[in-house]
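For reference, the chains in residue letters:
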Amino acid sequence: MPTLLLIEDDDLLRDGLCAQLAQAGHSVTAAADGEAAQALLESNRFDGVVLDLGLPKISGMDVLRWIRQRLPALPVLILTARDGVDDRVQGLNAGADDYLTKPFEMAELQARLGALLRRARLPAFGGSLELASHSARRLRVDATLPQAWLGDEALELTQREWALLSLLVTQAGRVVSREAVLETWSTEPGDATAGVASNALEVYIHRLRRKLVDSGLNIRNVRGLGYMLESTTP
Ligand code: CA
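Residues numbered from 1 in each chain as written. Predicted model: local features only at pLDDT ≥ 70, side-chain atom pairs only at ≥ 80, totals over all residues. Heavy atoms only, no water.

Novice: Please explain the coordination of the calcium ion as it appears in this structure.
Specialist: Donor atoms from the polypeptide that bind the calcium ion are Asp9 (OD), Asp52 (OD) and Gly54 (O), placed at 2.2 to 2.4 Å. The sequence pattern describing where the donors of the calcium ion fall on their chain is D-x42-D-x1-G. Taken as a pair, Asp9 in the loop between strand S1 (3-7) and helix H1 (11-23) and Asp52 in strand S3 (residues 48-52) lie far apart in primary sequence, 43 residues in all. Of the residues examined, Asp52 reaches a relative accessible area of 5% and is grouped as buried. (Donors = N, O, S within 2.8 Å, 3.2 Å for Na, K, Ca; no water. Helix = DSSP H or I, 4+ residues; strand = E, 2+ residues; numbered from the N terminus. Buried < 20%, exposed > 50% of the residue type's maximum accessible area, 1.4 Å probe, protein only.)

Novice: How should I be thinking about the pairing of strand S5 (residues 98-101) in this particular structure?
Specialist: Looking along a regular strand, one sees side chains alternate from face to face of the sheet. Covered by surrounding structure in S5 are Asp98 and Leu100 only, the residues Tyr99 and Thr101 on the alternate face being uncovered. Relative to S5, strand S4 (residues 76-80) runs parallel, the two being bridged by 4 bridges. The residue bridging Leu77 from the neighbouring strand is Asp98, located in S5. In this view, the connection linking S4 to its parallel neighbour S5 by way of helix H4 (residues 85-93) has right-handed handedness. (Pairing = 2+ DSSP bridges. Right-handed = clockwise from strand over helix to strand, strands pointing away.)

Novice: Sorry, what's going on with unusual backbone geometry here?
Specialist: Excluding glycine, a negative phi dihedral is what most residues carry, and trans is how most peptide bonds are arranged. Look at the link from Lys102 to Pro103: it is a cis peptide, with omega at -5°. Of note, Pro103 is situated in the loop between S5 and helix H5 (106-121). Located in the positive-phi region is Lys57, a residue other than glycine, with phi close to 70°.

Novice: Sorry if this is basic, but what is going on with the confidence of the model for the protein chain here?
Specialist: Low pLDDT marks stretches whose predicted atomic positions should not be read closely. Scored by pLDDT, the protein chain has a mean of 83; 85% of the residues are at 70 or more. Taken as a whole, residues 123-134 scores under 50 in pLDDT and shows 27 contacts with residues more than four places along the chain or in a different chain. (pLDDT = per-residue confidence, 0-100. Contact = heavy atoms within 4.5 Å.)

Right under this line is the structure:
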């Protein structure tokens, strides 16, 4: 059962959402302010967070930034006020995965939460979180879009570099064969570009290594076998 943390200071809304999300099969824990939320996040593991931005004590935006520093892969859906375009943009820039504008339909919240949780279960997320947690600048790879971040900084990646990085992160600590990479790259079996890509693989690895400088991660060349993403920090 997915575990959710709901952070909302409006008692009525919080109780209503709690009941409905529980009915929809989630295990819900609720917090009425940012301080309580942080305490819960420090001592529990959640699969996702629903975060109201307008909160007492610690603002929702600060809670969001706090979450992103500590739990880069935790899915967060923010609730914003109507017409709060600035909030929405700021929230997404601060690392929210999705947003809903109040008032919203319960069905939409559930659909969006479902999508978020599904995406988060893709292996690239889990891999990136665990491996990168030793480093000051965490690597986070989006599992569906060609995007990745080192800390707060977006990496400039081509589609192929992202596909390669996603694969290495998913298999972190294990050897990824050249064939596996080429298979990811080819859009169809027997793709005509595969031969070109094979020669180019070294170049892509080299480029990725440069982009991962200071990340605490290294792509090791395992002679005769392939490549392995490993942590350079103990
Ligand atoms: Ca509020």
